[in-house]
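# Structural characterization, general
Below, each chain spelled out in residue letters.
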Amino acid sequence: MTFVVTENCIKCKFTDCVRVCPVDCFREGPNFLVIDPDRCTDCALCEPECPAKAIVPAEDLPAGQAHFLELNAQLAKIWPPISQSRVPSPDSKDWDGRADKLALLER
Ligand code: SF4
Ligand code: SF4
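Residues numbered from 1 in each chain as written. Chains lettered and ligands numbered in written order. Predicted model: local features only at pLDDT ≥ 70, side-chain atom pairs only at ≥ 80, totals over all residues. Heavy atoms only, no water.

## Description of the site of ligand 2
Note the threshold: A single heavy atom is enough: if one lies within 4 Å of a molecule or strand, its residue is considered near that molecule or strand. By the convention adopted, Pro, Cys, Tyr, Trp, Phe, Met, Ile, Leu, Val and Ala count as nonpolar, Lys, Arg, Asp and Glu as charged, and the other residues, Gly among them, as polar.
Looking at ligand 2, the residues that line it are Phe-3, Cys-21, Pro-22, Val-23, Cys-25, Phe-26, Ile-35, Cys-40, Thr-41, Cys-43, Ala-44 and Cys-46. For the shell around ligand 2, the per-class residue count stands at 11 nonpolar, 1 polar and no charged.

Below, the structure is given as structure tokens:
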């Protein structure tokens, strides 16, 4: 299986997760990160690193977030890798926990 980045990462994108991944799974878009399911070894190291609690194992995806499995796979094919954390944007914390952010996803 794989781990999946879910909706709460959108516009938070703290990037704490990327530095712990031993196999460089993370891919970066303008305001969201995804995990490449073809690389993920299911090691679970990234899950506790995410301040937004946006990373979950595919088998535990909450109701209403199932489509993020396919979205991660799709976007991982076109977005570039990221393996170094960055300074988050100043309003990242303001977006943590807001509902219905999918419409704000930039590709
Ligand atoms: S730490 Fe969480 S919110 Fe930040 S980029 Fe990674 S998945 Fe997204
Ligand atoms: S579960 Fe492990 S291999 Fe998969 S994205 Fe997270 S840190 Fe990387």
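## So, the site of ligand 1
The environment of ligand 1 is made up of Val-5, Cys-9, Lys-13, Phe-14, Thr-15, Asp-16, Cys-17, Leu-33, Cys-50, Pro-51, Ala-52 and Ile-55. By residue class, the composition of the shell around ligand 1 is 9 nonpolar, 1 polar and 2 charged.

## A word on helix α1 (residues 67-76)
We count it as follows: Exposed residues in this analysis have more than 50% of their type's maximum accessible area, buried residues have under 20%, and partly exposed residues fall in between, with area computed by a 1.4 Å probe over protein chains only. The way it works is that DSSP assigns letters per residue, a run of H or I at least four long becomes a helix, a run of E at least two long becomes a strand, and they are numbered from the N terminus. Contacts are assigned to residue pairs that have any heavy atoms within 4.5 Å of one another.
Of all the residues in α1, the buried ones are Phe-68, Leu-71, Asn-72, Ala-73, Leu-75 and Ala-76. Those residues of α1 hidden inside the fold are in contact with β1 (3-5), β2 (26-28) and β3 (33-35).

## Overview of the state of the cysteines
Here is the rule: Two cysteine sulfurs form a disulfide in these notes if their separation is within 2.5 Å.
Within the structure shown, the criterion is met by 0 disulfides. Free cysteine Cys-12: the closest other cysteine sulfur is in Cys-9, separated by 7.0 Å.

## With respect to the packing of aromatic side chains
Counted only if it meets this: We call Phe, Tyr and Trp rings a pair once their centres come within 6.5 Å, taking the six-membered ring for Trp, and we label the pair stacked below 30 degrees between planes, edge-to-face above 60, and tilted otherwise.
As enumerated under the stated definition, the model contains 2 aromatic pairs in all. Consider the rings of Phe-32 and Trp-79, whose centres lie 6.4 Å apart with planes at 80°: the pair is edge-to-face. Within this pair, whereas Phe-32 is found in the loop between β2 and β3, its partner Trp-79 is found in the loop between α1 and α2 (92-95), the two being separated by 47 residues in sequence. Pair check on accessibility: Phe-32 and Trp-79 agree, each one buried. Ring pairs connect the aromatic residues Phe-32, Phe-68 and Trp-79, which therefore count as one cluster.

## Concerning the pattern of salt bridges
What counts here: By convention in these notes, a salt bridge is any Lys or Arg side-chain nitrogen within 4 Å of a carboxyl oxygen on Asp or Glu.
Applying the stated criterion across every chain yields a total of 4 salt bridges. For Lys-13, the salt bridge is made with Glu-28, and the minimal N-O distance between the two is 2.9 Å. With a gap of 15 residues between them, Lys-13 in the loop between β1 and β2 and Glu-28 in strand β2 connect regions that are remote in the sequence. Judged on exposure class, the residue Lys-13 and its partner Glu-28 are both buried. In this structure, the salt-bridge partner of Arg-86 is Glu-28, at a minimum N-O distance of 2.6 Å. One end of the pair, Arg-86, is in the loop between α1 and α2; the other, Glu-28, is in strand β2, and 58 residues separate them in sequence. Three or more residues joined by partner-sharing salt bridges are found here, namely Lys-13, Glu-28 and Arg-86.

## Comments concerning the side chain of Arg-27
To keep it simple, the criterion reads: Under this definition, polar contacts are N or O atom pairs within 3.5 Å; protein pairs additionally need one hydrogen-donor-capable and one acceptor-capable atom, and for neighbouring residues in sequence, both atoms have to be side-chain atoms.
Mapped onto the secondary structure, Arg-27 falls in strand β2. Here Asp-24 takes part through its backbone oxygen, which lies 3.1 Å from a polar atom of the side chain of Arg-27. When residues no more than four places from it in sequence are discounted, the contact partners of Arg-27 are Phe-32, Leu-33, Val-34, Asp-36, Arg-39, Ala-76, Trp-79, Pro-80, Pro-81 and Ile-82.

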